[in-house]
Amino acid sequence: MIVSFILLATVIGIVGFGVALSVRGKRDFAKQNEVVPGKKSPAPASWAGAHSPEAKLHRRLGDAVRAANGNPELIELGLAIQTKQIEAEALAIDERLVAAAGLPTSHRAGAVAEFIPQVAALEDAVAALIKSTTVNDSKRLLEQAVSDADIKLQALAEARAEIEAVDRSANGTLAEAVPETIPEPSPEPSPDVEQGKATG
């Protein structure tokens, strides 16, 4: 009787552990598929590990956002607005990318390919911002790096607004889930950043 009870308890423990691992694995997989942490992506869960062009572009968007969010010096330098712009543009690109991937096969490849330069531009903006954290010993270089990032982000926002306007006038199929306005870029880094501070 005691042996049966021990065996039953062991089996229940193993099953419970397996269920807990499965639930945690699904939750981690869903998080991995988010472009912006905490904001559910419309992309299918399979994109977290798929090798299709759209899945790769989707993951590159997430990598770009994580690179920006993972750099605490961007906040210290007063670049939180630019970080939020990066998130907004990544979400907008991701939403349209998912829509393009849902097109019939004959149109899908061309529609998805149109997002390659947009994703690259977002990555370039992130790179420019990260560069600003390595040149903040020079106020002029810091301002130039931030300006470069602002220009790239503004160009992305303007291109998106233009495409959305065309879509709306053509057939009204554009999803309205992503706001059209993004915060204005700050003209220069936070005033409390000391000139001469080096971060290495």
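Just so you know, these numbers come straight off a predicted model, no measurement behind them.

About the cut-offs
Residues numbered from 1 in each chain as written. Predicted model: local features only at pLDDT ≥ 70, side-chain atom pairs only at ≥ 80, totals over all residues. Heavy atoms only, no water. Helix = DSSP H or I, 4+ residues; strand = E, 2+ residues; numbered from the N terminus. Buried < 20%, exposed > 50% of the residue type's maximum accessible area, 1.4 Å probe, protein only. Polar contact = N/O pair within 3.5 Å; in protein donor to acceptor, adjacent residues only side chain to side chain. Contact = heavy atoms within 4.5 Å. Salt bridge = Lys/Arg side-chain N within 4 Å of Asp/Glu carboxyl O. Core = buried A, V, L, I, M, F, W, Y, C linked by side-chain atoms within 4.5 Å. Axes fitted to C-alpha atoms, helices over the stretch in contact; angles between N-to-C directions. Parallel < 35°, antiparallel > 145°, perpendicular 65-115°, else oblique. Nonpolar A, V, L, I, M, F, W, Y, C, P; charged D, E, K, R; others polar.

A few points about the side chain of Ser 41
Then comes step 1: For Ser 41, the location among the structural elements is in the loop between helix H1 (2-32) and helix H2 (53-69).
Then comes step 2: For Ser 41, a relative accessible area of 11% corresponds to the buried category.
Then comes step 3: Only 2.6 Å separates the side chain of Ser 41 from the side chain of Asp 94, close enough to count as a polar contact.
Then comes step 4: Sequence-distant contacts of Ser 41, defined by excluding residues within four places in its chain, comprise Asn 33, Glu 34, Val 35, His 58 and Asp 94.

Describing the pattern of salt bridges
Then comes step 1: If you walk through the whole model with that rule in mind, you get 4 salt bridges.
Then comes step 2: The partner of Arg 66 in a salt bridge is Asp 63, and the shortest N-O contact between them spans 3.0 Å. With Arg 66 and Asp 63 both in helix H2 and 3 residues apart, this pair spans about one turn of that helix.
Then comes step 3: Classification of Arg 66 by relative accessible area gives partly exposed; the value is 36%.
Then comes step 4: Measuring nitrogen to oxygen at the nearest pair gives 2.8 Å for the salt bridge that ties Arg 160 to Glu 89. With Arg 160 in helix H7 (residues 139-170) and Glu 89 in helix H4 (residues 80-101), the pair connects residues that are 71 residues apart, well separated along the chain.

Section: the nonpolar core
Then comes step 1: By size, the foremost hydrophobic cluster in this structure holds 34 residues, and its most contacted members are Trp 47, Leu 61, Ile 86 and Leu 122.
Then comes step 2: Looking at this core, the elements that each hand over two or more residues are H2, H4, helix H5 (105-113), helix H6 (116-132) and H7.
Then comes step 3: For this core, the element with the most residues is H4, which contributes 7 residues.
Then comes step 4: Those residues in contact with Trp 47 that lie beyond four places of it in its chain are Asn 33, Glu 54, Ala 55, His 58, Arg 59, Leu 97, Val 98 and Ala 101.

Comments concerning the packing of H2 against H4
Then comes step 1: Closest axis-to-axis distance for the H2/H4 pair is 10 Å, and the angle between their directions is 170 degrees. Put simply, H2 runs roughly antiparallel to H4. Along the contact surface, H2 presents Glu 54, Leu 57, His 58, Leu 61, Val 65, Ala 68 and Asn 69, while H4 presents Thr 83, Ile 86, Glu 87, Ala 90, Ile 93, Asp 94, Leu 97 and Ala 101.
Then comes step 2: Grouping the constituent residues of the contact of H2 with H4 by class yields 9 nonpolar, 3 polar and 3 charged.

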